[in-house]
Amino acid sequence: MKRLITFLCAFLMLTGLVTAAFAQAGSLPVGIVLPTKDEPRWLQDEARFKAALIAAGYNVEILFSQGDSAKEKANVESLITKGIKVLIICPQDGTAAAAAADAARKAGVKVISYDRLIRGTDSVDYYVTFDSFAVGAAWGDYLVKNASGKGNNLYLYAGASSDNNAFIFFEGAWSALQPKIADGTFVVRNSTEAVKLMGKAKLSREELGKIIGQVTTDWNFGVAKNKAEADLTKNKRSAKGTVFVCAPNDGTARAIADVFAIDRDVKKFYITGQDAEVASIQYIINGKQSMTVLKDVRVLVNDAIAAAVAYLKGSTPAKTTTYNNGKFDVPAKPSAITTVTRDNVKAAIVDSGYYPSSYFSGLE
Ligand code: BGC
């Protein structure tokens, strides 16, 4: 009982401090900038931020950059003018966003890089992220687990080169796939650079960049669709049959899956993804996408808010590791991810409370 009372007192003091910290700093102590409304992932983040902030009684402005680094910088400048003390920013382009981060630092604002790392500047205080290497490794592991024998057809796709995550995801995927490309389990059908590098377990950023340059989707569904079509047009029937596709996120996975599904020479395909988008969960239920990676955005949002509160209180958020941004090692505390397939989709997505079952059909 005594322990409970002590705990409750500590809790009330902490929430008091937190509220005071927000109130003290003025009407808008924290500003949030997200990359675009055109990709469902960032609408998830907006909704989860709103839910968490409303529940906590905070009023925080969320601005979108619409894929434009100049707009992103203007958004940051307008938030600085409004007197924010902490900026939570997911860059559209990791390197271009350095200028916005520098402007915030100059104004005495703490900069939290959210999900994507801002590169090439020391004006970043903290990085809130998922374990992106584990995301890529989950794709690789899934494909490896489903392949048997030798000579399996592998098609690789990646995110945008302007996004540091695209490199980390690919590095994770390569860690699982490379030994199986080197031993002949897989044959890469759409990247001469990957074939050239297949003997190398660890790739430099430049080498990763070479492969990504060939197989990038730019995080764009249209680009993904066109690339998949071009790859299937270029390849012969012998490079099809059963196919393994490493797709970098759910939106591009659905675009690529729709192309592979209508090729008469593709008999069966396995395809990865990430973000647990509602449309992809439905694809998984229907057997049209094989897996996704759930990155519980509620966790990321809470981590970002906790980090902001720590700064407003004058302390420092928890750190378990660092990520090099080309300039220095940025402190971070990456969160865990979950692989979702048809087998665990109900438990991971619905029973966990992530989405209500009413969003889906055919989920017994
Ligand atoms: C995010 C992914 C997202 C992708 C495209 C990445 O930086 O980590 O969750 O699918 O950007 O927006």
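Residues numbered from 1 in each chain as written. Predicted model: local features only at pLDDT ≥ 70, side-chain atom pairs only at ≥ 80, totals over all residues. Heavy atoms only, no water.

1. Remarks on the packing of helix H9 (residues 221–234) against helix H10 (residues 250–261)
Quick note on the threshold: Here an angle of 0 to 180 degrees is reported between the N-to-C directions of two axes, which are lines fitted to C-alpha atoms, with helices fitted over the stretch in contact. Helix numbers and strand numbers start at the N terminus; a helix is a DSSP run of H or I with at least 4 residues, a strand a run of E with at least 2. Each crossing gets its handedness from the near helix: less than a right angle anticlockwise from the far helix is left-handed, clockwise is right-handed. Working rule for contacts: check all heavy atoms of both residues, and any pair within 4.5 Å makes them a contact. Residue polarity is assigned by list, with Asp, Glu, Lys and Arg as charged and Ala, Val, Leu, Ile, Met, Phe, Trp, Tyr, Cys and Pro as nonpolar; anything else, Gly included, falls into the polar class.
Direction vectors running N to C along H9 and H10 enclose 30°, while the axes themselves pass 8 Å from each other. Crossing of H9 over H10 shows right-handed handedness. For the pair H9 and H10, the contacting residues are Phe-221, Ala-224, Lys-225, Ala-228, Glu-229 and Leu-232 in the first and Gly-251, Thr-252, Ala-255, Ile-256, Val-259 and Phe-260 in the second. Of the residues assigned to the contact of H9 with H10, the class counts are eight nonpolar, two polar and two charged.

2. A short note on the environment of Thr-338
Structurally, Thr-338 is set in strand E13 (residues 338–341). Residues Thr-338 and Trp-174, 164 residues apart in the sequence, show an inter-C-alpha distance of 19 Å. Beyond its immediate sequence surroundings of up to four residues, Thr-338 is in contact with Thr-292, Val-293 and Leu-294.

3. Describing the site of the ligand
Our working rule: One heavy atom within 4 Å of a molecule or strand makes the whole residue count as near it. N or O atoms closer than or at 3.5 Å make up a polar contact, with two conditions inside protein: a donor-capable atom paired with an acceptor-capable one, and, for residues adjacent in sequence, both atoms drawn from side chains. Residue-level accessible areas treat just the shown protein chains as cover; the underlying method is Shrake-Rupley with a 1.4 Å probe. As annotated, the domain borders come from an automatic or database domain assignment.
Neighbouring the ligand are 13 residues; Glu-39, Asp-115, Arg-116, Asp-163 and Asp-275 lie closest to it. Here an oxygen atom of the ligand and a side-chain polar atom of Glu-39 are 2.2 Å apart. Residue Asp-115 places a side-chain N or O atom 2.7 Å away from an oxygen atom belonging to the ligand. Calculation on the ligand without its partners gives an accessible area of 310 Å², and the protein chains cover 100% of this total. Among the elements of the structure, helix H2 (40–56) and helix H6 (164–182) are those that each provide at least two residues to the shell around the ligand. When its residues are assigned to classes, the shell around the ligand shows three nonpolar, three polar and seven charged. Counting residues domain by domain, the shell around the ligand receives three or more from each of domain 1 (26–130 + 297–333) and domain 2 (132–294 + 339–359).

4. Some words on the domain arrangement of the chain
Counted only if it meets this: A quick way to say it: buried area is the sum, across both parts, of accessible area lost when two parts are put together, with a 1.4 Å probe. Between Lys or Arg on one side and Asp or Glu on the other, a salt bridge is scored when a side-chain nitrogen of the former is within 4 Å of a carboxyl oxygen of the latter.
We note that the domain assignment places domain 1 (26–130 + 297–333) and domain 2 (132–294 + 339–359) within the chain. Here the C-alpha centroids of domain 1 and domain 2 sit 28 Å apart. At the junction of the two partners, domain 1 supplies 18 residues and domain 2 supplies 16 residues. For the pairing of domain 1 and domain 2, the buried interface totals around 1,400 Å² over both sides, and the portion due to carbon and sulfur atoms is 38%. If you sort the residues of domain 1 by the area they bury against domain 2, Gln-44, Arg-119 and Arg-298 come out on top, with a joint share of 29%. At the surface where domain 1 touches domain 2, the tally comes to one salt bridge. Summed over the shared surface of domain 1 and domain 2, the result is twelve residue pairs in polar contact (both at pLDDT 80 or more). Elements with a contribution of two residues or more to the side of domain 1 that touches domain 2: H2 and helix H12 (297–312). For the side of domain 1 that touches domain 2, the element with the most residues is H2, which contributes four residues. Here the side of domain 1 that touches domain 2 is composed, by residue class, of six nonpolar, four polar and eight charged.

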